[in-house]
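# Structural features, examined
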Amino acid sequence: MTTSVLSVENLSVEYYTGRQRLPVLREISLSVAAGETLGIVGESGSGKSTLGLAILRALPANGRISVGRVLLDGIDLAQTQGATLRTLWKRALRLVPQNPLAALNPTLRIGEQLIEAMSGKHPVAEAQAAALLARVQIADPVRVMRSYPHELSGGMQQRVMIAMALHGAPRLLVLDEPTTSLDVTTEAAVIDLLADLIAERQPASLFISHNLGLVARIATRTAVLYAGELVEIAPTATLFQQPRHPYTQGLLRSLPHPGLRYDYHPLQSIEGAIPVPGALPDGCVFAPRCPLANDRCRHERPPLLAIAPDHATRCHYWSHLTFDLALPAPVTATALPDRAPLLTTHRLTKTIAQRRSLVDAARGKAAPAVQALAAVDLTVHRNRTLGVVGESGSGKTTLARCIIGLTPPSGGTIELLGIPLAPHIQQRPREQVRRLQMVLQNPQEALNPALPIGEALIRPMIRLGGLDGKTAAKQVSDLLRLVNLPPDYANRRPHQLSGGEKQRVAIARALAATPDLLVLDEAVSALDVSVQAAVLNILADIKERTGITYLFITHDLAVVSYLADDVVVMYRGEIVEEGPVASVLNPPLHPYTEALLAATNPHGVRLREAEAMAPATGCPFQPRCPRALDDICRTEKPPWREAGNGHRLRCHIPLEELRAMQMSG
Amino acid sequence: MNVQRLGRAFFADPATAAGTIIVTVFLVLALFGPLIAPHSPTAQNADLIRQPPSLSHPFGTDRLGRDLFSRIVYGARDILALAGGGTVLAVIIGAFIGISVTYLGGWLEETVFRLFDGLLALPALLLALILLGATGPSRANVLLVMILVYTPIVARVVRSVVLALKSRGFIEAARMRNERLGYILWRELLPLVAPTLAVEAALRFSYAIFLVASLGFLGVGVQPPSPDWGLMVLEARNEFALAPWSLYVPAAAIALLVIGVNLMAEGVRRAISDS
Amino acid sequence: MNQSDERLHVLQIARSEVLAGRMSRRAFLRLGLALGLSAGATALAACGGTAPASAPTAAPAPAGSGPSGRLRVASEIPVQLDPAFASSDAEILILNHVYDYLVDIDAGNNVIPRLAREWTISDDGLRYRLTLASGVTFHDGSPLTAADVVWTFNRLRDASLQLPTADLYANIADIAADGENAVVFTLSAPNPFFLYDLSDNHALILRAGTANPATTFNGTGPFKVVEYRTENRIDLAANPAYFQTGKPAVADLEIIFFADQAAAVDALRGGQVDLVLRMPTPLFQTLQQTAGIVAVQTPTNGFDLVRLRADREPGNKPEVIRALKLATDRQAIFRQVKAGLGAVGRDSPIGPLFSTYYSEETPLPARDPAAARALLASAGYPDGLKLDLHVPDSGDRPDLAVVLKEQWAEAGIDINVIVEPESVYYGDNGWLEVDLGITGWGSRPVPQFYLDVMLVSGAVWNESHFSDAEFDALAATARTTLDEAERAHAYREIQRILIERGPIIIPYFFAQLSAHREGLRGYVAKAFPGRTDLAAIAV
Ligand code: SF4
Ligand code: SF4
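Residues numbered from 1 in each chain as written. Chains lettered and ligands numbered in written order. Predicted model: local features only at pLDDT ≥ 70, side-chain atom pairs only at ≥ 80, totals over all residues. Heavy atoms only, no water.

Another point: the packing of aromatic side chains. One pass over the full model with this rule turns up 24 aromatic pairs over all chains. When the ring of A:Tyr592 is compared with that of A:Phe621, the centres are 5.0 Å apart and the planes differ by 65°; the resulting orientation is edge-to-face. In this pair, A:Tyr592 is assigned in helix H23 (residues 591-598) and A:Phe621 in the loop between H23 and helix H24 (632-635), connecting sequence segments 29 residues apart. One exposure class covers both A:Tyr592 and A:Phe621, and it is buried. Plain terms: the ring middles of C:Phe153 and C:Phe185 are 5.1 Å apart, the flat faces sit at 85° to each other, and that makes the pair edge-to-face. Linking C:Phe153 in helix H5 (residues 146-157) with C:Phe185 in strand S7 (residues 182-187), this pair joins segments that are 32 residues apart in sequence. Given a relative accessible area of 0%, C:Phe153 falls into the buried group. Classification of C:Phe185 as buried rests on a relative accessible area of 0%. Taken together, the ring pairs in this structure connect C:Tyr128, C:Phe153, C:Tyr169, C:Phe185 and C:Phe194 into an aromatic cluster. In this structure, A:Arg459 packs its charged tip against the face of B:Tyr183, placed 3.8 Å from the ring centre. (Phe/Tyr/Trp six-rings, centres within 6.5 Å; stacked < 30°, edge-to-face > 60°. Helix = DSSP H or I, 4+ residues; strand = E, 2+ residues; numbered from the N terminus. Buried < 20%, exposed > 50% of the residue type's maximum accessible area, 1.4 Å probe, protein only. Lys NZ or Arg CZ within 6 Å of the ring centre and 35° of its normal.)

Shown next, in the form of structure tokens:
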């Protein structure tokens, strides 16, 4: 074993709120060698971000290291103060935060900030800064150095942050969810870059993330945090194949792995919620949610047991655990029904005027407009789940809001069972409103904190179902049961619910009106994986029982491939590919779909980041397309190509060639 | 919200408790004034002019031979009723306008709040003086002026809260079920605005007391011979050397009540922000 | 009188009201505008004035070896110092010591000599010949001659200069020098009060041809200006060549300006000034109890008037007026509101200072609230009366209102007190309109003024709208008769009528309140403090 650069010994951290002392981290021990990346995974509330901050000695004012040592090259950071600490921060300790925009100074140009960070004072520093930017694969360093942070895309900002973090010879690099705010294709490129740079500069790195897949790609070893405790640590491959802690196993089983399908493989979720600091159970912290927990677990706290030279777990019964993942389902593309579609859109268009500066307005410049939806033709079939995938800016949320009537389209029509819908929800008859319901992304904002859950569920029944208050109240428990919540939740208030429970209530509320079509706009994206699994199971279950139709909007291809029957891939307000899930994703044909899928593959194709605007006439994907043809892609709209079974896509490259590429690649 | 916890948070702080005691004492004076005051607040006694504090006149008498203690007791009723009434009405109207107009938005919101901004461009006291100059001094007009002065402030505070709530998921959910406007405004939004409103009301109340006293002092508020504290300070101004207590007594009453209400307001704010 | 004369007359009266401090300048300007005059003309008229209210005989100047010591007097801040525009106490106080009047008026309302040592009046009352003191010189050394007097009065009456005194002296047909030492005024109509007019506040004698009267300060007066610091003070030194022997008694006179009367009183207590000429009652009472300070009160003819409109309900019912009078305890008011300073009133403007006219012949009915209540019932108000009482916020008037409210409540009269800023009370003639109001009236040397302006039928400021044929006839007699006995009789009858049925209550007459440090000799307080004779004071 190489000597470690960082070694954390028995670290405990407390937060003070009022008179209370809350233990957020308990007895964490780990070590990281130079050039090694240790993944830290955990759900919200696990304490993983606190761990990063504690190691960097950057805890908020009410946080304090109560016990333990943080040794960096033998120096105990926990005991370091003042000038020494500042020198260390400058020379050796680096952080790449989740939100680069918040970390950059909005009033200074990138170049100035970079030079400042490098503490360079002479013109040489400028050249060095430019070289550094080039090193993080920024194509035009000179232009970027002259830009202000807000003028750069999220990916570019994060590259700048990485450049700042890697100048000189950092000893310790803490990456706190560095790609969470990025699109998948950008994320893939940034992860590649990070892996590359860590190999080159050899810092000891901590990669903190809630995303198991991401950690698997970059980390040599991985530690799992739960409720402030390190519950398992092992080389990444070992951890993913032979997890020896029930929590780790639960997390892995919650993931919609490629090849799993809702109708074959109900996901395994972890029931219950993570305990809050200050209300930790006596014995094993995981005992309240552990399927194997017994009395011993509830009273005796398990130690972190080294079960192999590099593998430790905090479970009494690790040796009893077995683990294997479900086998993929047979690939069968279900045929589309002949019945009339439930909902169609025809050339649905939405143009959103951007704000223009006062100067531009004075000059009489027209306000720039963004084409959020460009003549979208969409067909939603009954009792099927239509997944809509795309990155931010693809127009998928606008599409959902236009259908519901929260955002009026600029052009085109929407028909429900052949009847055109009014653009505004207020203008639609009650019956139409009832048939179309939506679950929004953020569960924290979904429920009115002032109203009990029961009332939130009753109102749609009264307003849309035509029920009187009493009858509606009787149905509340049925609705709660539908989303696997006990009936007494009707009397609770939102703040007594966890995020996943709130989202389940939001789903129940949308179902209360017995809609025909439920639009789910990133409805599981904000949830932790174990909770997400439960919600996905519920959705699958409800569809099975009620024959409801889902329009499932997400950026997460894994979820779509698990839950959707059909899929629509959108890019910059246009549909570029659509069809049954099995045939669209296996194998991907359209270059954009291919890139989306490749983003989770360590060796897949990588996209350039979107810089220039899409050409007015050609293929919208052309500026980033790795397979773009020379002229035609820039000048001509690609044609629709039918791939059979309702699968079609828009690309200048003929189908056969696209298929052949997938075979060879 | 847990009322008990709120209560505990409220009284945990000694300053808040002191404020509450002060305000309670004045409230008792106001409510049971006739039972407590030994004399009529306006009864004059030409033989007992400017008597220093004594057993029969604990706060002394003024230049017309009126019992200052009785005047303070009855004055408490006056100032609390006026300031309290003005605050309550301004908070109700401000909340109504703030919630409904902000939720409806559009040109209506633009117009109403431009107007309010215009009103708020003037200091409250100046605005009150202008309005009272136009309407003439009377108790009803003071009340009206307080409503006019404080409604925009309350509405603006409410607006900032509603603006943040307007785009929340639960409001969109309400729109997705064709919810009644009244339900959205009063059942969904009002309870969420209520804590802010409570803090604002407490704060406004302390300002209102000061405003009533100031208007009395400037002679445009409550008219003599009402035992208005501000008016009493005004009238005692030239008396200072002859009968200092006639100035000290109403001035101390104003200061004490304002401090008490302020301490309480701070307590309300802390209790609400803590829970 | 044609319409424009009438307007001018109103203005003339009004400007004296401004001077007497009863009407704010702003209210006066409004009055002028209401009468259709240009704002400029009104502004000028506002600076006019009348003769001093009373001037007790000056104490004999202390004999000594010439002026010595320093006298420091507190004053309000003067705005400007051209005698022709002087209006405030402060301005007149300064000018009265830099310049001289032809004649002064003493406490008994008698005209006494100053620059003019003697005078003769022709039998037809049209020709006044005044002889000047001899050996008088201006501060620049040049001698005073009749030509200077002619120049001064021609300036004051020159209509083209638009000075406020032009109206006052419009009746003068001609002014001529009669040799070096005598001046002859010829009037176009007889004016029994012409000598009083000659002592008008503005009528200070300047040297003929003075170019900048506001800044030249070349008078014949007892003091010469040493240094004038606007907003701060004016320092004067004794004029060694002053024509009145024994005056001035002090070598240096400092008039120190204070924006606030309380500050002036503090300065007196702190020994920074020797004399304060004017202050509110409570401050005066404080000084009365202060060792080392002499508080001086002087009775005046000024009063507060409580009046009810008699031309409409409820004031048109004689019972109501009698009821109000019966409900009022004037003695108690005098004690409570005025702290016993001044004099108790008898509902008539002819006060005790007008010794030959004042009468206590008609008894004032004793206070009897029950009788008042009965009277109201008989007048058709069995449940009493409810009335708004309008009162300006100046002086002790709000206190008077409050005391009245308390007293009248016993008789079933419920008063709602409405305190208004002076400018509002007098603005737009509101004070002439309201039913029940309290108005302050300044001190006059002659009682006829009050009758003519305030009480005769249709008088410009007949705020009570009193109209009584018997009263009008008596007032006319008093105005025109040359028989003093007949006039005195008419005034007695007038006092009886006002006690019986005048819709007015005059509860008290003011005292002028001043104070000085002990050791000051020769100070004589005046009803109008601006005309105080500081030259007679020795330290
Ligand atoms: S110790 Fe017990 S409760 Fe804890 S994880 Fe292991 S089996 Fe579960
Ligand atoms: S049309 Fe051209 S640019 Fe567009 S996806 Fe196909 S190959 Fe790429």
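Next up on the list: the pattern of salt bridges. Should their charged atoms come close, side chains of opposite charge can pair. The final tally for this structure, using the stated rule, is 82 salt bridges over all chains. With a closest N to O distance of 3.6 Å, A:Asp295 and A:Arg298 form a salt bridge. Taken together, the residues A:Asp295 and A:Arg298, both in helix H12 (residues 295-299) and 3 residues apart, mark about one turn of the helix. Take A:Arg298: its relative accessible area is 41%, and that puts it in the partly exposed class. Measuring nitrogen to oxygen at the nearest pair gives 2.9 Å for the salt bridge that ties B:Arg159 to B:Glu109. With B:Arg159 in helix H7 (residues 139-166) and B:Glu109 in helix H5 (residues 106-120), the pair connects residues that are 50 residues apart, well separated along the chain. (Salt bridge = Lys/Arg side-chain N within 4 Å of Asp/Glu carboxyl O.)

In this model helix H19 (residues 484-501) of chain C runs 26 Å from its N-terminal to its C-terminal C-alpha over 18 residues, within 8% of the 26 Å that 1.5 Å per residue would give. Buried residues belonging to H19(C) abut helix H11 (318-327), helix H17 (448-455), helix H18 (469-480) and strand S17 (504-505) of chain C. (Expected span 1.5 Å × (residues − 1). Contact = heavy atoms within 4.5 Å.)

All right, on to the sheet that holds strand S21 (residues 566-571) of chain A then. Residue and element names in this part refer to chain A. The mixed open sheet is built from 8 strands, whose spatial order is S18-S19-S20-S15-S21-S22-S24-S23. Edge strands, defined here as strands with exactly one partner in the open sheet, are strand S18 (436-439) and strand S23 (640-644). When strand polarity is set aside, the average angle formed by the axes of neighbouring strands in this sheet is 20°. Here 4 bridges tie S18 to strand S19 (residues 517-521), and the two strands are oriented parallel to one another. (Pairing = 2+ DSSP bridges. Axes fitted to C-alpha atoms, helices over the stretch in contact; angles between N-to-C directions.)

All right, on to the domain arrangement of chain A then. Residues and elements named next belong to chain A. Examined at the domain level, chain A breaks down into domain 1 (4-101 + 171-320), domain 2 (341-355 + 368-580) and domain 3 (587-665). On a C-alpha basis, the centroid separation for the pair domain 2 and domain 3 is 29 Å. With 14 residues of domain 2 at the interface, the matching set in domain 3 holds 21 residues. The largest contributions to the domain 2 side of the interface with domain 3 come from Tyr571, Val576 and Glu577, which together make up 36% of the buried area. If you look at where domain 2 meets domain 3, you find 4 salt bridges. (Domains from an automatic or database assignment. Buried area = accessible area lost by both parts, 1.4 Å probe.)

Contacts between the two partners involve 17 residues from chain B, matched on the other side by 25 residues from chain A. Summed over both sides, the interface of chain B with chain A buries roughly 2,000 Å², with 51% coming from carbon and sulfur. The three residues of chain B that bury the most area against chain A are B:Met176, B:Arg177 and B:Asn178, which together make up 36% of that side's buried surface. Counting every contact that joins chain B to chain A gives 5 salt bridges. One salt bridge in this structure joins A:Glu455 and B:Arg187, with 2.4 Å as the shortest N-O distance. Elements with a minimum of two residues in the side of chain B that touches chain A: helix H8 (169-175) and helix H9 (181-217) of chain B. Across the side of chain B that touches chain A, the residue classes tally to 6 nonpolar, 3 polar and 8 charged. (Nonpolar A, V, L, I, M, F, W, Y, C, P; charged D, E, K, R; others polar.)

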